[in-house]
Amino acid sequence: MFGVHDLELFIVSGLILNISPGPDMAYIIGRSAQLGSKGGIVAALGIGAGALVHVTAAALGISALLAASATAFTVVKLAGAAYLIYIGARMLLARKNGAAVDAGSPMRLVTLAQVFRQGFITNVLNPKVALFFLAFLPQFIDTDAPSKMQAFLFLGLLFDLNGTLWNILVAWASARIARLVGRARRLQHGIDRTLGTLFIYLGIRLAVFQRG
């Protein structure tokens, strides 16, 4: 179907990869803790939309150009790292009353549209995602597939759908746990500080990432 093979193995492998923690999961957990399940789900949808950009770019060959150009790769990598550090810094500097704030203004509460946009940008500006699609998906495409682009898009959309469903589950679980400790404001502040520090760390790690 669609010129792919070992579809069951692809689904299982994709789920294992989606479960692995990273900046996307950290962002979802953070927004779920701050805004409840709705905020976490919107963050997951933003990240899923960002993954669609990578799938489309890889299918069209744009990601291959990114992987081949050291300058383009470095620019995107540093932009993504800077954005992760920016979000982390805003979490660390959030108002002491525990409210979730917009990364662009310490005086304005974050909106769901901003949560979606930040999740989208966080994913789009991560060149490691582009390299992943280029390396992982072709392994499950038949060499004699009538349309390799169609097969690539099918696998990419399936991976993104499964990943988004998993992230929604993470958002729901994180929000539920956050509600249990929500009355402990000091603990909530600790969560914000931990996640802010984690984002800064992930940003630094992305900045020093080198292609294999």
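Just so you know, the residues in each chain are numbered from 1, in the order the chain's sequence is written. Local features in this predicted model are restricted to residues whose pLDDT is 70 or higher, and side-chain atom pairs enter the listing and the counts only when it is 80 or higher, whereas totals over whole chains, interfaces and linings include all residues. Each side-chain value is derived from all of the structure's non-hydrogen atoms; neither hydrogens nor water enter the calculation.

1. Description of the overall build of the protein chain
Secondary structure assignment for the protein chain yields 8 helices and 2 strands. In sequence order, the secondary structure elements of the protein chain are arranged as α-α-α-α-β-β-α-α-α-α. For the protein chain, the residues scored as buried account for 46% of the 212 residues in total. The Shrake-Rupley method, run with a 1.4 Å probe sphere, supplies the accessible areas, and residue values consider only the shown protein chains as cover. On the protein chain, roughly 10,700 Å² of surface is accessible, and the fraction owed to carbon and sulfur atoms is 69%. Elements are defined by DSSP. Helices are runs of H or I of four residues or more, strands are runs of E of two residues or more, and each kind is numbered from the N terminus. Three exposure classes are used, based on accessible area relative to the maximum for each residue type with a 1.4 Å probe and protein chains only: buried under 20%, partly exposed in between, and exposed over 50%.

2. Structural notes on the side chain of D160
Within the secondary structure, D160 is located in helix 7 (residues 148-180). According to the relative accessible area criterion, D160 is buried, its value standing at 10%. The contact rule is simple, with two residues in contact once any of their heavy atoms fall within 4.5 Å. Setting aside anything within four residues of it in sequence, one finds D160 in contact with G48, A51 and L52.

3. Brief notes about helix 1 (residues 7-19)
Relative to the 18 Å expected for 13 residues at 1.5 Å per residue, helix 1 spans 18 Å between its end C-alpha atoms, a close match to the ideal helical length. Within helix 1 the residues assigned to the buried category are F10, S13, G14 and N18. Down the axis of helix 1, the buried set is contained in an arc of 135°. They therefore lie on one face. Facing away from the buried side of helix 1, by more than 90 degrees, are the exposed residues E8 and I16. For helix 1, the elements touching its buried residues are helix 2 (23-60), helix 6 (127-136) and helix 7. A helix's residues, less one, multiplied by 1.5 Å, set its expected span. Picture the helix axis, draw a direction to every C-beta atom, and the arc is the one those directions span.

4. Focus: the packing of helix 2 against helix 7
A pair of packed helices can be characterised by two numbers: the angle between their axes and the separation between those axes. It is at 8 Å that the axes of helix 2 and helix 7 come closest, and there the two elements cross at 175°. As judged from the angle between their axes, helix 2 and helix 7 are roughly antiparallel. When grouped by side-chain class, the residues that make up the contact of helix 2 with helix 7 number 25 nonpolar, 10 polar and 1 charged. Fitted lines through C-alpha atoms give the axes, limited to the stretch in contact for helices. The angle between two N-to-C directions lies from 0 to 180 degrees. Each angle gets one of four labels, with under 35 degrees taken as roughly parallel, over 145 as roughly antiparallel, 65 to 115 as roughly perpendicular, and the rest as oblique. Three residue categories are used. Nonpolar comprises Ala, Val, Leu, Ile, Met, Phe, Trp, Tyr, Cys and Pro, charged comprises Asp, Glu, Lys and Arg, and polar comprises the others, including Gly.

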